[in-house]
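Now for the letters of each chain:
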Amino acid sequence: DPTCGAAVELARKIAPLAHGEVAALTMATAPLRLPDLAFEDADGKPRKLSEWRGKTVLLNLWATWCVPCRKEMPALDNLQAKLGGKDFEVVAVNIDTRDADKPRAWLKQVGIERLAYYADATAKVFQDLKQAGKAWGMPTTILIDSAGCEIGTMAGPAEWASEDAVKLVSAALTR
């Protein structure tokens, strides 16, 4: 996708910041617009990734059965608290397929308050990203620019509220 060339250039520019707690972030080397993933919000209303165009997004796929996913949720919540606003949002999509109430109860139990609740009980978002070559396991996290293009992808957990992560994400916001 030619419109994603800027995301690759941004990835190249901020690549030196992918160290420490976010060293596993693989920066985009080829232009890729992410599929327009479909999921639901807390009220069951259909949502699409394209609704966040104009914002930088940290898309995270997680499940309650995934121990590393559960471990990183407080950090994602803190990152949303630190940087979330008109230019940036953490969009964490739960892909539990069995008990729709379990993830909501777990988030409440551990005090996740700043992340909006999104879910895909079919786990199709994971399959769509897998088909695009961007999901291999859980958690999967993708930093996406305001045009919907990949900046970088991480397979596995990270300490998203760390100084390393905040610097990296902040650099992605200041072009």
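Note: the structure precedes this text.
Residues numbered from 1 in each chain as written. Predicted model: local features only at pLDDT ≥ 70, side-chain atom pairs only at ≥ 80, totals over all residues. Heavy atoms only, no water.

Before going further, it helps to examine the overall build of the protein chain. Per the secondary structure count, the protein chain includes five helices and eight strands. Across the protein chain, helices and strands are ordered from the amino to the carboxyl terminus as α-β-β-β-β-α-β-α-β-α-β-β-α. Its C-alpha atoms give the protein chain a radius of gyration of 15 Å, within 12% of the compact-globule value 16 Å for 175 residues. When the backbone C-alpha atoms are referred to their principal axes, the protein chain occupies close to 40 × 30 × 30 Å. Out of the 175 residues belonging to the protein chain, those deemed buried represent 51%. Within the protein chain, counting contacts between residues at least 6 apart in sequence, those at least 24 apart form 73% of the total. Carbon together with sulfur atoms contributes 53% to the accessible area of the protein chain, which is approximately 8200 Å² in total. Seen as two clouds, the 22 positive and the 23 negative side-chain charges of the protein chain have centres 2 Å apart. (Helix = DSSP H or I, 4+ residues; strand = E, 2+ residues; numbered from the N terminus. Rg over C-alpha atoms; globule rule 2.2 N^0.38 Å. Buried < 20%, exposed > 50% of the residue type's maximum accessible area, 1.4 Å probe, protein only. Contact = heavy atoms within 4.5 Å. Areas by Shrake-Rupley, 256 points an atom, 1.4 Å probe, with all protein chains shown as cover. Lys, Arg positive; Asp, Glu negative; His and termini not counted. Charge placed at Lys NZ, Arg CZ, Asp CG, Glu CD.)

A separate point is the sheet that holds strand 6 (residues 118–119). Reading across from one edge, 1-8-7-4-5-6-2-3 is the order of the eight strands in this open sheet, with mixed pairing throughout. Taken across any chain shown, the strands that pair with only one partner, and hence form the sheet edges, are strand 1 (26–27) and strand 3 (46–48). Of the strand pairs in this sheet, strand 1 and strand 8 (residues 150–155) are connected by two bridges, and their pairing is antiparallel. Bridge assignment links M27 to a residue of strand 8, and that residue is G152. (Pairing = 2+ DSSP bridges.)

With that out of the way, let us pick up the nonpolar core. Counting residues in each nonpolar core, the largest one holds 62 residues, and the members touching the most others are M73 and W160. Examining the composition of this core, we find that six residues originate from one element, helix 5 (residues 163–173), more than from any other. Not counting chain neighbours up to four residues away, the residues in contact with M73 comprise N60, W62, A92, W106, L107, I112 and L115. (Core = buried A, V, L, I, M, F, W, Y, C linked by side-chain atoms within 4.5 Å.)

The topology assignment puts K134 in the loop between helix 4 (124–131) and strand 7 (140–144). The buried category is assigned to K134, whose relative accessible area is 18%. When sequence neighbours within four positions are dropped, the list of residues in contact with K134 reads L32, L129, T140, I142, E150 and T153. Among the polar contacts listed, one links the side chain of K134 to the side chain of E150, at a separation of 3.2 Å. (Polar contact = N/O pair within 3.5 Å; in protein donor to acceptor, adjacent residues only side chain to side chain.)

Given a rise of 1.5 Å per residue, 17 residues ought to cover 24 Å, and the 25 Å separating the end C-alpha atoms of helix 2 (residues 67–83) matches this to within 8%. At M73, helix 2 shows its strongest bend, of approximately 35°, with the proline P74 following within four residues. All of the buried residues along helix 2 are C69, E72, M73, A75, L76, D77, L79 and Q80. Where helix 2 is buried, its residues touch strand 4 (56–62), strand 5 (88–94), helix 3 (101–110), strand 7 and helix 5. (Expected span 1.5 Å × (residues − 1). Bend = angle between axes of the 7 residues up to and from the residue.)

It is worth spelling out the pattern of salt bridges at this point. Evaluation of the coordinates by the stated rule reveals nine salt bridges. A salt bridge links D87 to K86; its shortest N-O distance comes to 3.3 Å. For D87, a relative accessible area of 41% translates into the label partly exposed. Here the salt bridges share partners, and the residues they tie into one network are D41, R47 and E51. (Salt bridge = Lys/Arg side-chain N within 4 Å of Asp/Glu carboxyl O.)

Quick look at the pairing of strand 5 now. With respect to burial, strand 5 is a largely interior element, seven of its seven residues being buried. The alternating pattern of strand 5 places F88, V90, A92 and N94 on one face and E89, V91 and V93 on the opposite face, and all of these are buried. As judged from the seven bridges shared by strand 4 and strand 5, these two strands associate in the parallel manner. For T56, the partnering residue across the bridge sits in strand 5 and is F88. In this view, the connection linking strand 4 to its parallel neighbour strand 5 by way of helix 2 has right-handed handedness. Of the strand pairs in this sheet, strand 5 and strand 6 are connected by two bridges, and their pairing is parallel. Following the sheet pairing, N94 is matched in strand 6 by A119. (Right-handed = clockwise from strand over helix to strand, strands pointing away.)

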